[in-house]
Amino acid sequence: MRIARFSHQDAIRYGIVDGTELVVLAGDPMFAGYETTGERVPVADVALLAPVIPRSKVVCVGKNYADHAAEMGGEAPKEPLLFFKPNTAVIGPNDSIVRPPQSERTDYEGELAVVIGRIAKNVPAAQALDYVFGYTIANDVTARDLQKSDGQWARAKGFDTFCPLGPAIETEFDAASATVTTRLNGDIVQQAPISDMIHSIPDIIAYASAAFTLLPGDVILTGTPAGIGAFGAGDVVEVEITGLGILRNPARDA
């Protein structure tokens, strides 16, 4: 099932994607279930929004593909390398990524995102997928120069608009057979099977939930493959994942 969050007639609503239409839901399905209102709205008539606004946090995993760790000049961590993005960084499909004046190099990082659906604390890896609501696409936008100069990543990863999510949440997804592809102005710049991740989705959830409680609506970004690079004002970044669609965002300067 594919769930979209959208704006229509000055209201923010949720719907099940059914071809070219949205079956409108009575509320947020993560909390209210899948009761429908009986309405159908053409997808072409709505503005798709970020499919989830995390209630508390976006948890990210760094250097989770060996080839990306190598291009960053080091070895992959033996355990998941975690950091956060604030929920104020989240934007939706077609929203503009705003390049801040503090940075001279802003990079794309296409990633699979996992949306948590239940309170999760000290979850065993064998049970971790039971706590997943669904999956979507993310772009872990990074001010690369600030990441290097700051030494820690909060500012470089956390600017407003630095966490595009979308276009929808897929509740049934086979990560083992999926590929993540990033395009810059139509040219492929990143491409790798998600199975190349060093730390699996269950292992990441288990590791993160052992440190802090994951809440419904929290999002986990699972890492990016090699091929990171800069983009500028006027560029368009697209991240595509098999079975999840395409997340497209233009860029502009602040």
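The rules we used
- The residue numbering used here restarts from 1 in each chain and proceeds along that chain's sequence as written.
- The predicted nature of this model means local features are confined to residues of pLDDT at least 70 and side-chain atom pairs, given and counted, to a pLDDT of 80 or more, with totals for whole chains, interfaces and linings taken over all residues.
- Processing note: side-chain calculations cover all non-hydrogen atoms of the structure and skip hydrogens and water entirely.
- Think of it this way: DSSP has to see at least two bridges between two strands before they count as a pair.
- Helix and strand definitions here come from DSSP, where helices need a minimum of 4 consecutive H or I residues and strands a minimum of 2 consecutive E residues; each element is numbered from the N-terminal end.
- Helix axes are fitted to C-alpha atoms over the stretch in contact, other axes to C-alpha atoms as well, and angles between N-to-C directions run from 0 to 180 degrees.
- For Phe, Tyr and Trp, where Trp contributes only its six-membered ring, two rings pair if their centres lie within 6.5 Å, and the inter-plane angle classes them as stacked under 30 degrees, edge-to-face over 60, or tilted in between.
- Only when the NZ atom of a Lys or the CZ atom of an Arg is both within 6 Å of the ring centre and within 35 degrees of the ring normal do we say a charge sits over the ring.
- Note on exposure labels: buried denotes an accessible area under 20% of the residue type's maximum, exposed denotes more than 50%, and partly exposed covers the range between, all computed with a 1.4 Å probe on protein chains only.
- Each cavity reported here is a set of points on a 1 Å grid over the protein atoms alone in which a 1.4 Å probe fits but cannot get out, each pocket an open set with protein on both sides within 12 Å along at least five of seven lines, and each lining residue one with an atom within 4 Å of a point.
- Grid points are joined across faces, edges and corners, and a volume is the space filled by probe spheres set on the points.
- Residues were grouped as follows: Ala, Val, Leu, Ile, Met, Phe, Trp, Tyr, Cys and Pro as nonpolar; Asp, Glu, Lys and Arg as charged; and all remaining residues, including Gly, as polar.

**Some words on the sheet that holds strand 15 (residues 179-184)**
Argument step 1. An order of 9-20-19-15-16 is seen for the five strands of this open sheet, with the pairing classed as mixed. Two strands in the sheet have a free side with no partner beyond their single neighbour: strand 9 (97-99) and strand 16 (187-193). Between one strand axis and the next, the sheet turns through 20 degrees on average, direction left out of account.
Argument step 2. Alignment of strand 9 against strand 20 (residues 245-253), held across three bridges, turns out to be parallel. Residue pairing in the sheet places isoleucine 97 in a bridge with alanine 251 of strand 20.

**Considerations on the packing of aromatic side chains**
Argument step 1. Enumeration according to the criterion identifies four aromatic pairs in this entry.
Argument step 2. Seen from their ring centres, phenylalanine 83 and tryptophan 153 are 5.0 Å apart, and the 70 degrees between their planes marks the pair as edge-to-face. Placement of the pair is phenylalanine 83 in strand 7 (residues 81-85) and tryptophan 153 in the loop between helix 3 (144-150) and helix 4 (154-158), with a sequence separation of 70 residues.
Argument step 3. Over the ring of tyrosine 131 we find arginine 118, and its NZ or CZ is 4.1 Å from the ring centre.

**Here we look at unusual backbone geometry**
Argument step 1. Residue proline 167 follows glycine 166 across a cis peptide bond; omega there is 5 degrees.
Argument step 2. Following the sequence through the fold, proline 167 ends up in strand 14 (residues 163-170).
Argument step 3. Positive phi outside glycine occurs at threonine 161, with the angle close to 80 degrees.
Argument step 4. With respect to the helices and strands, the residue threonine 161 is situated in the loop between helix 4 and strand 14.
Argument step 5. By relative accessible area, threonine 161 is classed as buried at 12%.

**Observations regarding empty space enclosed by the protein**
Argument step 1. For the coordinates displayed, the defined rule picks out two cavities of 30 Å³ or more.
Argument step 2. Reported here for the largest cavity is a volume of approximately 80 Å³.
Argument step 3. Considering the residues around the largest cavity, the lining is formed by 15 residues, among which Gly62, Lys63, His68, Glu109 and Lys157 are closest to the centre.
Argument step 4. For the lining of the largest cavity, the secondary-structure elements that each account for two or more residues are strand 6 (58-62) and helix 3.
Argument step 5. Considered class by class, the residues forming the lining of the largest cavity number four nonpolar, five polar and six charged.
Argument step 6. Counted as a void, the second largest cavity has a volume near 50 Å³.
Argument step 7. For the lining of the second largest cavity, the residue count by class is nine nonpolar, no polar and two charged.

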